[in-house]
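# Coordinate analysis (summary)
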Amino acid sequence: MAGDGRAAGPPARQAAIATHGLTKRFRGGQLAVDGLELTVPRGSVFGFLGPNGSGKTTTIRMLLGLIEPTSGGGYLLGEPMPRAARRVLPRVGALIEGPALYPFLTGRDNLVRFDAADPTADPRTRGARVDAALERVGLAAAAGKKARAYSLGMKQRLGLASALLQPRELLVLDEPTNGLDPQGMREIRGLVRELAADGTTVFLSSHLLDEIEQVCTHAAVMSRGRLIVQGAVAELSAGVRGRLTVTTPDPAEAGRVLKEHGLSVLTADGDEVSGELPDDAPDLAVLNAALVAAGVRVRGFGRQRASLEDAFVALTGEGFDVAG
Ligand SMILES: Nc1ncnc2c1ncn2[C@@H]1O[C@H](COP(=O)(O)OP(=O)(O)OP(=O)(O)O)[C@@H](O)[C@H]1O
């Protein structure tokens, strides 16, 4: 994948994942990934965010050497892909499009089979490795059950366990919470946090903005095959103006006062009026005093931090349509 002859500069060598001009055009002419320049810092929990069809899975498949890019390339853990695949892939755990499990085998026996398929895994220590992986994902108690009796969340955790049989520097998880109920999602998020706390870099794709905000330190946003923005989650949303919401029995008058003070995109919903704060927003105490002076009875007054969703809308001018 790095085979276009360009030498990797120090940043590409230091990053957990770095791509340059990574592009995939499918045979039908579909440009699925378009000139991707992605840098995933080591030690980060990196959210790869985008609506369905925006090119996330295609990118991950190229990163792992499963499909060839049309042009451009990338580095995994500082090694050029796919040239160094044999050397680098044992240091990377991956879970793509749901784990391939044998439903008629127990959770433990599934892991034994995965471990046995790894030529570098010492058979003498297999039992200990499998038990440690089961323990790690909280499946020790259910290890003797057949995988077909597992809930979706348990299957997903078993898939993660298979990626964790060996110590990994990088975990690549494609939509790890897809199809899970809220409890299952919380479990996976908790696990991702624990793995990150141990120093593993985690790269996970998702079409859920709030999930990325909850668990990731960094994020990249994809839209129609192109990278819209990447960086630390806190910085991405900090660049977007916040909103102010006023709760009052006098919404019309409140709206007028807020507009006079430069707030835009005002919305009124029952007794709540909210608007976007301008760059040169007045002190909130001044705004509150102006409302009261105009006879607005203020019951509630609060500023919301801009979310990643606000950032996405601000950057693309589009809503974040999860249905794609
Ligand atoms: N093998 C293929 N042949 C042709 N087109 C493809 C192929 N795989 C993906 N595509 C197209 O490439 C685009 C990006 O798909 P991709 O699966 O990478 O998106 P995604 O962001 O991972 O979405 P999802 O979350 O639905 O998997 C889509 O328009 C898809 O239809």
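Here, every reference points to the structure presented above.
Here the structure is a predicted model, which is why all the values come from computation and not from measurement.

## Considerations on the overall build of the protein chain
Scanning the protein chain from terminus to terminus reveals twelve helices and 15 strands. Referenced to the eigenvectors of the C-alpha coordinate spread, the extents of the protein chain come out at roughly 80 × 50 × 35 Å. Residues classed as buried in the protein chain amount to 48% of the 324 residues present. Considering only contacts in the protein chain between residues 6 or more positions apart, those separated by 24 or more positions represent 68%. On the protein chain, roughly 15300 Å² of surface is accessible, and the fraction owed to carbon and sulfur atoms is 51%. Separation between the mean location of the 37 positive side-chain charges and that of the 37 negative ones in the protein chain comes to 8 Å.

## Brief notes about the pairing of strand β4 (residues 45-49)
For β4, the buried fraction is high: five of the five residues fall into the buried class. Residues V45, G47 and L49 point to one face of β4 and F46 and F48 to the other, with burial holding for every one of them. Pairing between β4 and strand β9 (residues 201-206): five bridges, direction parallel. Paired with F46 across the two strands is F203, which belongs to β9. Alignment of β4 against strand β10 (residues 218-223), held across four bridges, turns out to be parallel. Opposite F46, over in β10, you have H218 as the bridge partner.

## Describing the layout of surface pockets
The computed volume of the largest pocket comes to approximately 730 Å³. Along the walls of the largest pocket sit 25 residues, with V92, G93, A94, S162 and R168 positioned nearest its centre. Mapped onto the lining of the largest pocket, the elements with two or more residues apiece are β7 (92-95), α4 (107-116) and α6 (152-163). Per element, the largest residue contribution to the lining of the largest pocket is four residues, and it comes from β7. Roughly 190 Å³ of volume is contained in the second largest pocket. Forming the boundary of the second largest pocket are 14 residues, of which R136, L164, P167, R168 and L195 lie nearest the centre. The element contributing the most residues to the lining of the second largest pocket is helix α5 (residues 126-136), with four residues. Counted by class, the lining of the second largest pocket contains six nonpolar, three polar and five charged residues.

## Quick notes on the packing of aromatic side chains
Here the structure, examined in full by the defined rule, presents three aromatic pairs. Seen from their ring centres, F46 and F203 are 5.7 Å apart, and the 20° between their planes marks the pair as stacked. Remark: F203 occurs in strand β9 and F46 occurs in strand β4; sequence separation between them is 157 residues. Between F48 and F203 the ring centres are 5.2 Å apart and the planes differ by 35°, which places this aromatic pair in the tilted class. With F48 in strand β4 and F203 in strand β9, this pair connects stretches of sequence that are 155 residues apart. As far as burial versus exposure is concerned, F48 and F203 are alike and both buried. One aromatic cluster is present, formed by F46, F48 and F203 through successive ring pairs. Sitting over the face of the ring of Y102, R113 holds its NZ or CZ atom 4.3 Å from the ring centroid.

Thresholds, definitions, all that
Residues numbered from 1 in each chain as written. Predicted model: local features only at pLDDT ≥ 70, side-chain atom pairs only at ≥ 80, totals over all residues. Heavy atoms only, no water. Helix = DSSP H or I, 4+ residues; strand = E, 2+ residues; numbered from the N terminus. Buried < 20%, exposed > 50% of the residue type's maximum accessible area, 1.4 Å probe, protein only. Contact = heavy atoms within 4.5 Å. Areas by Shrake-Rupley, 256 points an atom, 1.4 Å probe, with all protein chains shown as cover. Lys, Arg positive; Asp, Glu negative; His and termini not counted. Charge placed at Lys NZ, Arg CZ, Asp CG, Glu CD. Pairing = 2+ DSSP bridges. 1 Å grid on protein atoms, 1.4 Å probe; cavity = no way out; pocket = protein on both sides within 12 Å on 5 of 7 lines; lining within 4 Å. Points joined across faces, edges and corners; volume = space filled by probe spheres on them. Nonpolar A, V, L, I, M, F, W, Y, C, P; charged D, E, K, R; others polar. Phe/Tyr/Trp six-rings, centres within 6.5 Å; stacked < 30°, edge-to-face > 60°. Lys NZ or Arg CZ within 6 Å of the ring centre and 35° of its normal.

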